[in-house]
Amino acid sequence: MIELAVVDLTGTTVRDEGVVERALLDALADTGLALDGAELHPQRAFVRETMGQPRLDVLRGLFLGDEARAREAAHRFEDAFDAAVARGEVEALPGAEAALTALGAAGMRVCLATELSPRNRDHLLDVLGWRDLVDLALAPEDGVRGAPAPDLVLTAIMRLAVDDVRAVAVAGDTVNDLVAGSRAGASIVAGVLTGAHDRSRLENAPHTHLLAGVHELPEAIAAHVPA
């Protein structure tokens, strides 16, 4: 029986229409690394490949370990993302709020997990009005790595007092989300086809389900037969 659902935010429950990527590229340009030339296609590909990973980790990779520039760009990303949220450029995906409500009504604990910073996470949840909709919302912080590490899922398990990793469902829109869920030992690892990575990429990642949208998650969990 599934007791806990760990669900990604951007791309899974929230439509960002490229806001995360644009904010990241703007932050890079502001700190002297504009990815707009043909010779920089590998770097742009790296940005897309690493969707689902903490922004600071991605920026460290792009700035080749220059910690000061990476942190400056991370702060600029936070500003750009918050501004986009305030402008209404990020919104709940159809059926997302109903799905989160249904999971809770079915007796599950629900955690929203994100690669965003705690600041961006909190601002987004406030704008959406989702603070009281879920039991927990997690972002990478000291001692808790983001995807593809399993830390966010395992932290949710510990904080919400779930006794068995097999009683967990994880849903996300990126390969990194699915790898994190698999590494954590979740029984359900569902790829959601509304975000950064397409079907072909998610099919090649560890998963148990591929869902058209997060609105299908409650039914997938209800149909789950424990191994």
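In what follows, the accompanying structure is described.

Definitions and cut-offs
Residues numbered from 1 in each chain as written. Predicted model: local features only at pLDDT ≥ 70, side-chain atom pairs only at ≥ 80, totals over all residues. Heavy atoms only, no water. Salt bridge = Lys/Arg side-chain N within 4 Å of Asp/Glu carboxyl O. Helix = DSSP H or I, 4+ residues; strand = E, 2+ residues; numbered from the N terminus. Buried < 20%, exposed > 50% of the residue type's maximum accessible area, 1.4 Å probe, protein only. Phe/Tyr/Trp six-rings, centres within 6.5 Å; stacked < 30°, edge-to-face > 60°. Core = buried A, V, L, I, M, F, W, Y, C linked by side-chain atoms within 4.5 Å. Contact = heavy atoms within 4.5 Å.

## Notes on the pattern of salt bridges
Scanning all chains against the criterion turns up 18 salt bridges. Between Glu 72 and Arg 76 there is a salt bridge, with the nearest N and O atoms lying 3.3 Å from each other. Of this pair, Glu 72 and Arg 76 both sit in helix α4 (residues 67-86), separated by 4 residues, roughly a single helical turn. The partner of Arg 119 in a salt bridge is Asp 82, and the shortest N-O contact between them spans 2.9 Å. One end of the pair, Arg 119, is in helix α6 (residues 118-128); the other, Asp 82, is in helix α4, and 37 residues separate them in sequence. For Arg 119, a relative accessible area of 37% gives the class partly exposed. Accessibility expressed as a relative area gives 11% for Asp 82, which makes it buried. Residues joined in a network through salt bridges with shared partners are Asp 57, Arg 60, Glu 67 and Arg 71.

## Brief notes about the packing of aromatic side chains
Under the counting rule described, the total for this entry stands at 1 aromatic pair. The interplanar angle of 20° and the centroid separation of 6.0 Å between the aromatic rings of Phe 77 and Phe 81 together place this pair among those described as stacked. Here Phe 81 and Phe 77 lie together in helix α4, a separation of 4 residues that amounts to about one turn. The same class applies to Phe 77 and to Phe 81, which are both buried.

## Quick look at the nonpolar core
Residues Val 7, Phe 81, Leu 112, Leu 124, Trp 130, Leu 217 and Ile 221 are the most contacted members of the largest nonpolar core, which totals 52 residues. With near-sequence residues (within four places) excluded, Leu 112 lies in contact with Val 7, Asp 8, Leu 9, Thr 13, Leu 100, Leu 125, Trp 130, Val 134, Leu 136, Ala 137 and Leu 138. By size, the runner-up hydrophobic cluster in this structure holds 22 residues, among which are Leu 152, Ala 156, Ala 167 and Leu 202.

Everything listed here is a matter of coordinates, which is why it stays silent on function.
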